[in-house]
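One letter stands for each residue in the lines below.
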Amino acid sequence: MSDRVQTYRPGFFARFLPQGKWKMTLTASSPASIRLGVGDAVKLPCLDVVAISVCKALLWHTVEVRSRDRIDNLSCLGEEAATQLAADLHSFINNHLFALIGADISRLSEVDTKLRAIIEGNRQYLAQADLGRVIAGVTGDAAAALSHPLFDLELMPAALKAALPPSLAFITDPDVRHRYNDAFVSAELPRYRSFFDNLDDRSLSDQQRQACIRLEDNNLLVASAGSGKSATMVGKVAYVLDKQLYRPEEILVLAFNKSAADELQERICRQLAIDPGNPECKVTTFHALGRGIIEEVEGRPPQLADWVEHPAGEARIIERIIEELLRSDAEFTDLWVNLLVLHPKADIPVDVFGSEADYERYLSVRRRKGNATIGTIAGIHVKSLQEQTIVNWLWLNSVEFEYERQIPIEEKNGQIRYVHPDFYYPASKTIHEHLAINADGSSPFTDYVTHAENKLAAYRKAGMDIFQTTSAQANNGTLIAELEAELAKRRIPLERKSYTAIVKALEPVVIKHYHKLIAVCIKHIRASHLTLDMLLERAKSLHDRTRAREFAQVVWKITETYSRKLEEAGRIDFDSMIVNATQFVETGQYKSPYSLILVDEFQDISEPRAKLIKALKHQKPFTKLFAVGDDWQSIYRFAGSDITIFTQFDANFGASWQGRLEQTYRCNQLIAETAASFVQRNSAQLKKSVRSTRPAIARSIRVVPIDGDRDKPDFTDACHRLLKRLDIFLGGISGQWRSDGREKLKVMVLWRYNQLEPFRGSVPRFDNIEVSGLSFHRAKGLEADYTILLDVSEGDYGVPSRIEDDELLNLVMPQPEMFEYAEERRLFYVALTRASRGVFLLTNSRDPSRYIRELSEIAGENLRFETVDGGPLHQCPACRVGQLVERNGRNNSRFLGCNQYPGCDHTQQLNRRSAE
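The structure presented is a predicted model; accordingly, all values stated were derived computationally and were not measured. Just so you know, the residues in each chain are numbered from 1, in the order the chain's sequence is written. Thresholds applied to this predicted model are a pLDDT of at least 70 for local features of residues and 80 or more for the giving and counting of side-chain atom pairs; totals over whole chains, interfaces and linings are not thresholded and use all residues. Calculated side-chain values reflect all of the structure's heavy atoms, with hydrogen atoms and water omitted.

Draft legend 1. Here's a closer look at the overall build of the protein. Scanning the protein from terminus to terminus reveals 33 helices and 35 strands. Here the protein has a C-alpha radius of gyration of 32 Å; the compact-globule value for 916 residues is 29 Å, and the two agree. Along the longest, intermediate and shortest principal axes, the C-alpha atoms of the protein span 110 × 75 × 55 Å. Here the protein holds 916 residues, and the buried ones make up 53% of them. Each accessible area is a Shrake-Rupley result for a 1.4 Å probe, and residues are judged covered by the shown protein chains and nothing else. Roughly 41,200 Å² of accessible area belongs to the protein as shown, and the carbon and sulfur atoms make up 47% of that amount. For the charge count, each Lys or Arg is scored as positive and each Asp or Glu as negative, with His and the chain ends excluded. Where a charge sits is defined by one atom per residue type, namely NZ (Lys), CZ (Arg), CG (Asp) or CD (Glu). Charged side chains in the protein number 116 positive and 122 negative. The centres of these two groups are separated by 2 Å. The helix and strand labels rest on DSSP assignments: H or I over at least four residues marks a helix, E over at least two residues marks a strand, and numbering proceeds from the N terminus. Each radius of gyration is computed over the set of C-alpha atoms, and the globule rule expresses the reference value as 2.2 Å times the number of residues to the power 0.38. Note on classification: 1.4 Å probe, protein chains only; a residue is buried when its accessible area is under 20% of the maximum for its type, exposed when over 50%, partly exposed between these limits.

If you want it as structure tokens, here you go:
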């Protein structure tokens with residue numbers, strides 16, 4: 001081994017940051033050592049390092065080095081430097097392991113004997129951890145090296161590999177172990193056929209049975225909606241206990257809420273025929289586990305803040321903090337008002353969107369003559385988000401103005417030409433043009449600059465007082481300052497409206513949206529120890545930098561106050577409880593009894609919870625992880641979940657076996673296939689082929705366009721009419737479905753936002769259907785025979801909801817999703833897959849959701865357009881979201897045209913068949 005010394009540290013400027021003050025030295029001379037200077041210098045024995053991983057932090061990459069009793073984070077690295085450092089460290093440790101094996105190779109005969117004892121007879125599935133546990137039972141450096149978690153056979157020199165006993169091929173050749181395990185599974189399936197034929201009151205599918213039998217070090221079971229995830233978890237626990245692979249007290253089952261944990265515990269106990277009050281294995285929530293760990297270490301339960309266990313407690317404490325800061329902090333007040341009034345949404349360039357139509361949809365739900373218009377707090381509609389900012393600022397400061405007032409200008413030839421400047425201020429008779437001109441003098445619109453210059457010249461020639469603002473000023477954050485300065489020159493008075501008046505004029509959902517964003521950001525800021533400087537640096541990478549910068553300052557002040565309130569009260573919140581519990585595990589103050597950890601609904605995992613799982617795994621050698629979930633149903637980003645922990649499972653937890661549950665017991669095949677194709681249009685979602693136990697029902701997805709006065713359809717009335725129609729229809733065919741003893745079929749009415757709720761607490765009763773109503777989020781995990789989805793339309797609060805896909809989340813998310821409306825797509829998938837027999841999509845006839853077009857492209861003729869009473873509608877073959885209606889042509893002729901005109905100008909000749 002070479003005596004060469006390798007030294008690693010961040011780049012020059014990064015060393016001035018608190019996270020960049022580290023240095024790592026690798027000395028290859030005997031004995032090999034790793035010296036880390038992170039605060040106090042420490043020398044790490046190679047055998048003590050159990051895991052090395054690279055993770056993307058907010059602004060840089062970090063190499064995490066886990067030892068037996070500590071974790072060191074080597075931050076402030078670029079991606080390439082971090083990857084190289086991790087690879088070099090991994091190689092360095094393995095060279096040390098190989099040296100230990102070569103120096104003590106004679107002791108491997110004992111390892112050979114122990115391995116043969118478990119291999120022969122094909123008695124159990126063998127993961128690397130199973131082999132490692134056997135080898136660890138042999139004393140000596142060679143056995144310790146072979147069973148080390150970072151042992152990498154691909155790096156082992158060929159000569160050393162050839163000198164190993166034959167049984168060690170299970171370690172040195174992955175194909176040998178994989179062939180053994182495949183043979184074991186094939187033999188185990190018939191041996192356990194009767195066991196799996198009646199498990200959890202059902203017969204498990206082949207994929208479920210394999211998932212129960214296979215048990216690698218890390219396992220991810222990628223499920224489909226209604227595919228029996230919970231039954232598989234029950235089967236896994238029952239199987240490993242029946243095989244006596246683990247004792248009950250070594251098994252930990254984790255769920256995300258108490259009701260799910262209670263249901264799993266009840267089902268496991270029923271399957272094992274034991275007392276539900278004493279399940280032996282631990283079935284609990286993450287929060288309860290964290291609480292228990294802290295209580296065991298500190299001798300008393302942690303003191304939770306009084307607000308955390310109330311359903312609305314988090315929202316209320318955020319509101320209370322904002323109210324306090326509004327009274328005490330003038331800078332906060334200005335920033336908060338700016339966000340609410342001037343920046344209700346991000347000003348994102350048109351070229352970021354897939355099409356101009358998508359950009360117009362982003363701008364507003366309103367259209368005039370085919371163009372998107374944007375509402376303002378002053379009650380007028382404008383053409384751009386920058387104009388919205390100007391109008392809202394003028395309203396905020398009580399400035400009298402007119403938008404696009406008609407003004408006469410005399411031409412050279414004496415003729416009068418009428419122009420419509422953007423803004424006119426009567427107090428000083430001033431014209432104000434806001435120009436779409438960039439910092440380099442260019443414009444995204446053809447001939448715009450020349451036209452603007454001519455227009456300004458005409459104003460000046462006419463002797464008019466004029467000033468201009470530009471998109472460049474909006475982009476660099478100086479727009480409002482420039483506007484204020486120009487008005488001051490003209491002595492136009494400013495009178496700031498009261499906060500009460502501001503809140504009264506705002507749509508409540510604007511404030512609610514910012515509250516939700518703040519709640520998510522607080523979790524990430526506290527869990528990842530982010531600083532204001534880090535947030536402000538990240539703000540520079542967002543499209544709307546002014547809004548991002550102001551929000552970063554606001555959320556930082558709120559987070560500081562939130563943390564101080566906890567500290568002053570000597571209490572913690574749920575997230576702190578998990579973080580504190582993780583620290584107790586990582587430092588060895590808590591000794592984990594668990595060798596098998598099962599996690600339900602793994603798609604909802606957050607970074608703090610993932611760290612707790614990793615800590616438990618690494619603290620007790622050879623602990624295995626079995627995670628079950630469906631990344632297509634990851635819909636809790638606002639609660640802190642991070643889907644990339646699921647979709648990049650290997651990167652987060654190490655090499656794994658990944659299985660699929662692709663058979664659904666809920667949706668009929670048409671709904672299952674259509675929904676699966678729809679959600680997989682986001683290529684970042686994991687791929688599955690979904691098969692249903694229920695045959696396809698033709699046209700079981702139905703679109704019901706609803707007309708309305710002033711573009712506001714009455715979805716409540718339409719919903720009640722549809723329910724009555726469905727009740728009458730099902731009563732007429734009751735002989736087909738009452739044969740199984742059911743008195744009524746279930747119908748769920750689902751909505752994106754609660755203001756759409758059509759029952760107002762009084763759900764109607766019917767003879768043949770049992771009706772319930774829920775939001776899309778609350779419907780997750782439930783099922784019905786039919787579902788009715790309300791307002792599947794374009795709009796800020798439609799489907800997809802435009803306010804939810806806010807770029808501000810990228811301030812705190814290390815790996816933001818790049819696909820447009822990624823979580824909204826998954827949420828719509830959840831809503832689609834609640835029904836077994838049929839789905840009705842009620843939509844605004846003037847603004848149907850883009851998702852309807854996608855479903856039509858996927859399902860073709862199996863997607864039916866109809867009236868609320870069931871009559872057929874002629875779907876437009878061009879845009880796929882409109883309907884063909886009769887229109888008047890020239891010379892009293894009639895033709896069919898799309899009702900989405902001018903967005904869609906498809907027409908076709910009216911014939912007798914289409915007129916019927």
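Draft legend 2. Highlighting the environment of Tyr 448. Looking at where Tyr 448 falls in the secondary structure, it is placed in helix H17 (residues 448–461). Spatially, the C-alpha atom of Tyr 448 lies 70 Å from that of Asp 740, the residues being 292 residues apart in sequence. The criterion used for residue contact is that any of the two residues' heavy atoms lie within 4.5 Å. Look past the residues within four positions of Tyr 448 in its chain and what remains in contact with it is His 434, Leu 435, Ala 436, Ile 437 and Ser 443. Counted as a polar contact is a pair of N or O atoms within 3.5 Å, where, for protein atoms, one must be capable of donating a hydrogen and the other of accepting one, and residues adjacent in sequence contribute only when both atoms are in side chains. A polar side-chain atom of Tyr 448 sits 2.9 Å from the main-chain amide nitrogen of Ala 436.

Draft legend 3. Quick look at the state of the cysteines. Two cysteine sulfurs form a disulfide in these notes if their separation is within 2.5 Å. Applying the stated criterion to the full structure yields zero disulfides. The thiol of Cys 521 is unpaired, and the distance to the nearest cysteine sulfur, on Cys 55, comes to 19 Å. Given a relative accessible area of 0%, Cys 521 falls into the buried group. Among the cysteines around Cys 667, which has no disulfide bond, Cys 719 carries the closest sulfur, lying 20 Å off.

Draft legend 4. Quick look at the pairing of strand S18 (residues 430–435). Most of S18 is tucked away, with six of its six residues classed as buried. Here S18 shows a buried face lined by Thr 430, His 432 and His 434 and a second buried face lined by Ile 431, Glu 433 and Leu 435. Pairing between strand S17 (residues 423–425) and S18: three bridges, direction antiparallel. Pairing of Phe 423 across the sheet is with His 432, part of S18. Bridge analysis of S18 against strand S19 (residues 465–470) gives six bridges, and the strand direction is parallel. Directly across from His 432, in S19, lies its bridge partner Phe 467. Tracing the backbone out of S18, into H17 and back to the parallel element S19 gives a crossover that is right-handed. Pairing between strands is defined by DSSP: at least two bridges between them are needed. Look down the strands so they point away from you; if going from the first strand over the helix to the second traces a clockwise path, that crossover is right-handed.

Draft legend 5. Here's a closer look at the nonpolar core. Nonpolar core, defined: a set of buried Ala, Val, Leu, Ile, Met, Phe, Trp, Tyr and Cys residues in which side-chain atoms within 4.5 Å join the residues together. By size, the foremost hydrophobic cluster in this structure holds 159 residues, and its most contacted members are Trp 336, Leu 394, Tyr 425, Phe 551, Phe 602, Phe 828 and Leu 841. A total of 10 residues in this core trace back to one element, the largest contributor, which is helix H21 (residues 508–527). Among all residues touching Tyr 425, those that are not within four sequence positions of it are Leu 394, Val 399, Glu 400, Phe 401, Thr 430, His 432, Phe 467, Leu 483, Leu 487 and Ile 492. Counting 52 residues, the second largest nonpolar core, distinct from the first, contains Ala 32, Val 111, Phe 170 and Tyr 180.

Draft legend 6. Local environment of the sheet that holds strand S31 (residues 835–844). Across the sheet, six strands lie side by side as S29-S28-S30-S31-S25-S32; this open sheet has parallel pairing. Each edge of the sheet is formed by a strand with only one pairing partner; in this case those strands are strand S29 (769–775) and strand S32 (863–865). Ignoring strand direction, the axes of neighbouring strands in this sheet form an average angle of 20°. Relative to S31, strand S25 (residues 701–706) runs parallel, the two sharing six bridges. In the sheet register, Arg 702 faces S31, and the bridge partner there is Phe 840. Between N-to-C directions, angles cover 0 to 180 degrees, with each direction set by a line fitted to C-alpha atoms, over the stretch in contact for helices. In this fold helix H32 (residues 850–859) packs onto S25, S31 and S32, with an angle of close to 125° to the strand it touches most, S32.

Draft legend 7. The sheet that holds strand S20 (residues 596–599), seen in detail. Read from one edge of the open sheet, six strands run S10-S9-S20-S21-S8-S22, paired in parallel fashion. Both outer strands of the open sheet, strand S10 (282–285) and strand S22 (657–661), are each paired with one neighbouring strand and no more. When strand polarity is set aside, the average angle formed by the axes of neighbouring strands in this sheet is 15°. Where strand S8 (residues 218–223) lies against S22, five bridges are found, and the strand directions are parallel. Considered in S22, the bridge of Ala 223 is made with Leu 661. Packing against the sheet, helix H12 (residues 286–298) makes contact with strand S9 (251–255), S10 and S20, and its axis sits at approximately 105° to S10.

Draft legend 8. Molecular detail of the packing of helix H13 (residues 313–328) against helix H23 (residues 545–569). At their nearest, the axes of H13 and H23 sit 10 Å apart, and the two run at 110° to each other. Relative to H23, H13 is oriented roughly perpendicular. Handedness of the crossing formed by H13 with H23: right-handed. Contacts from Ile 317, Ile 321, Ile 322, Glu 324 and Leu 325 of H13 reach H23 at Lys 557, Ile 558, Thr 561, Tyr 562 and Lys 565. Each residue gets one label: Ala, Val, Leu, Ile, Met, Phe, Trp, Tyr, Cys and Pro are nonpolar, Asp, Glu, Lys and Arg are charged, and the others, such as Gly, are polar. Looking at the contact of H13 with H23, its residues break down into six nonpolar, one polar and three charged. These descriptions rest on fixed angle ranges, namely under 35 degrees for roughly parallel, over 145 for roughly antiparallel, 65 to 115 for roughly perpendicular, and the rest for oblique. Crossing handedness: left-handed means the near helix sits turned counterclockwise from the far one by under a right angle, and right-handed means the same turn made clockwise.

Draft legend 9. Quick peek at helix H16 (residues 385–396). Expected helix span is taken as 1.5 Å per residue step, with the number of steps being one fewer than the number of residues. For H16, built from 12 residues, the straight-helix expectation of 16 Å at 1.5 Å per residue is met to within 8% by its first-to-last C-alpha distance of 16 Å. Positive backbone phi, at 60°, marks Ser 398, one or two positions downstream of H16.

Draft legend 10. Representation of the packing of aromatic side chains. Whether two aromatic rings pair depends on their centres lying within 6.5 Å, for rings of Phe, Tyr and Trp, where Trp uses its six-membered ring; planes under 30 degrees apart make the pair stacked, over 60 edge-to-face, and the rest tilted. Under the criterion given, the structure shown has 27 aromatic pairs. On the numbers, 6.1 Å between centres and 85° between planes, the contact of Phe 98 with Phe 151 is edge-to-face. Linking Phe 98 in helix H1 (residues 79–103) with Phe 151 in the loop between helix H4 (141–146) and helix H5 (158–162), this pair joins segments that are 53 residues apart in sequence. Accessibility assignment for this pair places Phe 98 and Phe 151 in one class, buried. Residues Phe 170 and Tyr 180 carry aromatic rings whose centres are separated by 5.5 Å and whose planes lie at 70° to one another, so their mutual orientation is edge-to-face. With Phe 170 in helix H6 (residues 169–172) and Tyr 180 in helix H7 (residues 174–191), this pair connects stretches of sequence that are 10 residues apart. For the pair Phe 170 and Tyr 180, one class covers both residues: buried. A connected cluster of aromatic rings, assembled from ring pairs, spans Tyr 192, Phe 195, Phe 196 and Tyr 239. Distance and angle both matter: a charge sits over a ring if NZ of Lys or CZ of Arg is within 6 Å of the ring centre and within 35 degrees of the ring normal. When the ring centre of Phe 653 is taken as origin, the NZ or CZ atom of Lys 614, which lies over that ring, is 5.6 Å away. Its end group placed over the ring of Phe 678, Arg 825 keeps NZ or CZ at 4.5 Å from the ring centre.

Draft legend 11. Spatial organisation of the side chain of Ser 147. Tracing the backbone through its elements, the reader meets Ser 147 in the loop between H4 and H5. The class for Ser 147 is buried, based on a relative accessible area of 13%. There is a polar contact of 2.9 Å between the side chain of Ser 147 and the backbone oxygen of Ala 143. Polar side-chain contacts of Ser 147 include one of 3.4 Å to the backbone oxygen of Ala 144.

Draft legend 12. Local environment of the packing of H12 against helix H25 (residues 607–619). Where H12 contacts H25, the two axes come as close as 11 Å, and the packing angle between them is 55°. Relative to H25, the element H12 is oriented oblique. Two packed elements cross with a definite hand, and for H12 against H25 that hand is left-handed. Contacts between H12 and H25 pair Phe 286, His 287, Leu 289 and Ile 293 from the former with Arg 609, Leu 612, Ile 613 and Leu 616 from the latter. Its residues placed into classes, the contact of H12 with H25 shows six nonpolar, one polar and one charged.

Draft legend 13. Region of the structure containing the pattern of salt bridges. Criterion for a salt bridge: a side-chain nitrogen of Lys or Arg within 4 Å of a carboxyl oxygen of Asp or Glu. Enumeration according to the criterion identifies 60 salt bridges in this entry. Residue Glu 64 is joined to Arg 66 by a salt bridge in which the shortest nitrogen-to-oxygen separation is 2.9 Å. Accessibility expressed as a relative area gives 10% for Glu 64, which makes it buried. Between Asp 197 and Arg 209 there is a salt bridge whose closest N-O contact spans 2.7 Å. Taken together, the positions of Asp 197 in helix H8 (residues 193–197) and Arg 209 in helix H9 (residues 206–213) put the pair 12 residues apart, joining distant regions of the chain. For Arg 209, a relative accessible area of 8% corresponds to the buried category. One continuous salt-bridge network, built from bridges that share partners, spans Asp 200, Asp 201, Arg 202, Glu 263, Glu 266, Arg 267 and Arg 270.

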